[in-house]
Each structure stands twice: as C-alpha cells, then as structure tokens.
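Now for the letters of each chain:
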Amino acid sequence: MEPWVVSTSLIFVYLLVTIVIGAVANRRMSVDLEDFLLYGRRAGFVVLYLTVCATYHSAFAFLGSGGFFYTHGIGFWAAGAWTVLVGAITYVLGSRIWALGKVFGYITPADMLADFYESDAVRIVTAVVSVLFTILYIQVQAQGLGYILSVASGDRISFELGTLILLAVAAGYLIAGGLRAVYWTDVVQGVWMYLAVWIGALVLAFELFGGPLELWRRVAAERPDLLTLPGPQGFFTPGMWFGMVIVLSFGIVFQPQILMRYYTAASARTIKWLGATTPIYLMSLYIPAALVGLGGALAMPDLAVPDTVFPEMLFAYAPAWLTGLILAGATAAAMSTLDSILHSNMTVLTRDVYQRYIRPGRTPGHYILAGRLFVVGLLAIGYLLSVGTFQFLVILVTLSGAGALQLMPAFLGVCFPGRHLTTRDGVLAGIGAGLVALYLTLVVHPHPLGLHGGVWGLLVNFVVTAVVSHVTTPPREETVARIHGAVERFVYEGEPA
Amino acid sequence: MRRARSHYIPRTRDGRIAVSAFLVLFAFTQPPLVYLLANRIEPRVAGLPFLYVYLLVLYVALIGVLVWARRRGL
C-alpha cells in the first residue's frame, strides 16, 4: 500500500474516533447551559489534566517547536520555564478563579471581572479582548490542519479542502456534545499527541544517529552554536528569553479557553493537583521536540521552512504507518486547541453578548441553540481567514500572543486582596494603555532594548492601572467584602460551599 | 472599610517555604543567572550538554516544589 494512503487513512480513522466521541457525548448531554458550556463543573483530574495540556499545546508545539530548535538551538528549552510557570499560575490563581466561579456561578472571564468592578464596560472590553485575540488562533490551527492533511495525502487533498474537512469535524462534535465532547476528544488527543511526539522523535534518533545520546554528541561536535545562548542567529537574548517566558505562560493562561477550564474542575483538590502536575506533561513534550529539531539540523540542514522538519524527517526516514500515526498526532494537537478556542469564543458570544444584551431571559435550550449557531459562524470565519490573505491579520496575529496578557492586572485585583484596590477606571485605562504599548513595541518598533513587546505592554498596563486606580472610585464595600471575603474563606478556611 | 489581609505575603511557615523555594529556583532559570552560570556545553552530564541538564534539573525541582506544596495542603 502506498505511504500516502496509509497516512491519510490513519488521519481519517482518528477523525472518525472524534466524531464517535462527539455523538456519545451528545447522548449524555442535558438541556442545561452549565452542562453545555462548562461540563456541569464536574471535570475530574484525568479529564481536566489532558484537556488543559492538549489545549495549551497546539500545532505549534508539534511542528513549530521542532522548527525553533532547528533554527535557534537550545534556547527554546526556556519552554520548560514557561510551562512550569503555567503550573504555578494554575495552582495559585486558577484555584481562586475556580472557587469564585463555584460560589457566584461565573461562566466566562467577563462574568467575574464585571461582577467585581461593577461595570458593563469591563464586561464588554474583556469579551472583546477575549475573542479578538483568540479568534485568530482558529485561523492558525486551521491552516496547520490543512497543511498536515495536504502533506499526508501527497497534495491529493488540497490545502483548502483539508482545512474545511478538519474545521467541520471539530465544529461538528462541539455542536453535538458541547464542552463534554471537547473534553472527551481532548483526552484522546492529549494521549495521542504525547505518544506520537515521543515515539516519532525516538524512532528518528535511533534510525539516524543510533540513539538520543549519540545525537547530542554529534550536535555538540558538529553544531556547537546550537547548544549555547543566544543561538546561531542571536535570537535568545536575555530580554527575549524572559519575555517569552512571561508571554507564553501568563499570556496563554489569560486566554478564555484556559480560564474557563478552571471553572469546570470538580473540586479544589482537582485544580490544585492540576497545577502541581501539568508541567510534567507540558515540559516533557519539548524533550523529544529538541531531538527532532537538533537532529534535523544535522540530517536536513537546508530546509526552506524549518517548521516542516518533523514531517519532512518522517517521510524521509520513518515507515509509512508510523508517519501516519504521528501526523494524526499532529492533527490531534491542532484540533484540541482549535475546538477549545471555538468553544470559548462561542461561550463568550453566547453568554456575554447574546444572553446579556440581545435576548435576555430565554430558556437554556434557546441559548444552546444560539451557541451552536455561533459555532457555525465561527467555522465560516475561521475558514475564510484560513484560505484568504488579509494584510491586517498579520498585525493582529503578531499582537495575539500577548493580547490576553493585558487582562492580568484586572484578574489579580479580583483574586488577590491587597492593600490597594483596583478600580473599574484603572482596569479600563490599563487595558487601553497596555494594548497601545503592545502595538508600539511589537509592530511599530519591535522589542525595544531587546525586551519582548509583551512585557512592555504589561508593564505599562500595571503602571497605568495602579495610578488611575489610586485616584478613582473603588467598587462598593459590599461587593469587595463579598468577593474578597470568598477568596479569603477559600484560601484560608477550605473549599467553598 | 474592613479589608481582607493581603494575599501577596504567605501567612504560614509552609507557605513561606514554598514561595521562597519556587522564586529562588525560578530565578536560576532566568537571566542573568542562566547566562552567567550555565551557558556552556561542558562539562557534559551523562552525555548531555551542561545547559540542557542544568535547566532540566531546575524544572524538575520546581515541579517538586509544587507537588510538595500540594501534599502540605497549601
């Protein structure tokens, strides 16, 4: 059987598995908004662990990280630091977000901020930032999926058709089973992608070099520039190292698809164990990625597109069945992020826009139907963005990674009682100033003084938030006492009722 | 107006140990320390470059701090 038939067939087998899971999830679903949007706040440790890991790691972790090691060398091992930080943030901040969500029934990030800051403006700004800076990831993931299917089939399935098929499958099981379908498919995807990266990297390391240790020895002998900082092209300067650690930890956590996962945990114990142990999966996925990227730099030194190093090496050196299994793993990596972003954007649009401002007071079934229609709309937008070329998108994609980071001061003000209160005006001014600073330091004059633009945006945001909060009216005493009191009771007196 | 006490300062001994250990270990994974102390290939550890192993050990230790905190009920 020809290799492309094996590869494409295995990807379609994988897609069939996700569709079956979506159908089963649909049979378990009740007509309940919390069930559809938040898995009924009943996610246990294993399910939550794998969905958070699979959502965090996208097509970039599967394809892009190998490309980074290939081009810039060991500096990308800084990835371990940001994944450990994700665990610590989940432990400390995620558990507080979970507790407040449980006590006050929050569904979206904007629910929490609007309640504390007593402001519809905060709700709208949070919803806009949440959707605007993540909707473009639909495009990024969809393009990755189209590329994978196109490569696996030897261009017999066009990029456009591949993108459409995979977007439709992800949207299909989300529409059918809501967040339950997303979580269950993420479990399969999380296991599949992890095994695929490790197996693929080890097979290539043994096939080409006789094992991982010999690979490292050869890199040290032939390309020592890949094993020290700042790397062959001088990319990993201290400012860039620190900036990427901040942007790719806090910046990802404050995206709605991760924040909403905190609401869904079954207990405080679940969310804290999640924080303590997610870095094991997240960090260790970059160990085989290093083998792929650095090994590729020796075996295929002249690749035009470094991000293709993994599939190119597989097609050249691995058996067809293994290549198919691993490309299905790459599909899983992209789809598990894509479905989560589709779900979070659907939830924000349904809850923060439609339910609050367009059709308030309707039945849960009405809002579930509205959510499903939003998914269809997002599917269409995602497809059009994926197959078209829009110049303004280049700027927005550049800003995306650090956009959600601008919500950080607002969340800290809610979840961490302190000597000074953060105010509505402070938060709005801080987000506005932070986004302007982000545009200036990422697009107009990238990374001033060698420090990542995302960090400049966050610094400006914090300063403006603090100064404006100091001179403007804080939330009412009852509101502060209610919400900060709940945080105090959760942290120092145990779980909320 | 009665405010909740600050949550930025740990209140228990275990809390202070966990936060201090995490911050100190994390500082060693960041500039300038990582550039000053570990930016080299030799000496290799078990055949792996020094920088790689240095960071791996710190990452594992940081995860250990988080697991310890959980086991202490923090």
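Above this note sits the structure.
Residues numbered from 1 in each chain as written. Chains lettered and ligands numbered in written order. Predicted model: local features only at pLDDT ≥ 70, side-chain atom pairs only at ≥ 80, totals over all residues.

(A) Local environment of unusual backbone geometry. The step from leucine 229 of chain A to proline 230 of chain A runs through a cis peptide bond, and the omega angle for that step is 10°. Take proline 230 of chain A: it is sitting in the loop between α9 (212–222) and α10 (238–247). With omega at 0°, the peptide bond leading from proline 31 of chain B into proline 32 of chain B counts as cis. Mapped onto the secondary structure, proline 32 of chain B falls in the loop between α1 (13–27) and α2 (33–38). Its identity as a non-glycine residue notwithstanding, arginine 41 of chain A has a phi of 50°, on the positive side. Summarising the element assignment, arginine 41 of chain A is placed in the loop between α2 (33–38) and α3 (45–56). Residue class for arginine 41 of chain A comes out partly exposed when judged on the 17 C-beta atoms lying within 10 Å of it. Phi at aspartate 155 of chain A is positive, roughly 65°, even though this residue is not glycine. (Helix = DSSP H or I, 4+ residues; strand = E, 2+ residues; numbered from the N terminus. Buried ≥ 20, exposed ≤ 12 C-beta atoms within 10 Å, placed from the backbone.)

(B) Structural view of the packing of helix α8 (residues 159–209) of chain A against helix α15 (residues 309–317) of chain A. Residues and elements named next belong to chain A. Closest axis-to-axis distance for the α8/α15 pair is 11 Å, and the angle between their directions is 55°. Comparing the axis directions of α8 and α15 gives the class oblique. Here α8 runs over α15; the crossing is left-handed. Between α8 and α15, the residues in contact are Gly200, Leu204, Glu207 and Leu208 and Phe310, Met313, Leu314 and Tyr317, respectively. Of the residues contributing to the contact of α8 with α15, the split by class is 6 nonpolar, 1 polar and 1 charged. (Axes fitted to C-alpha atoms, helices over the stretch in contact; angles between N-to-C directions. Parallel < 35°, antiparallel > 145°, perpendicular 65-115°, else oblique. Left-handed = near helix turned anticlockwise from the far one by under 90°. Contact = placed C-beta atoms within 7 Å. Nonpolar A, V, L, I, M, F, W, Y, C, P; charged D, E, K, R; others polar.)

(C) Here's a closer look at the interface of chain B and chain A. Chain B puts 28 residues into the contact, and the matching count from chain A is 37 residues. Sort the elements by how many residues they give to the side of chain B that touches chain A and helix α3 (residues 50–71) of chain B lands first, with 10 residues. Here the residues of the side of chain B that touches chain A are counted per class, giving 19 nonpolar, 6 polar and 3 charged.

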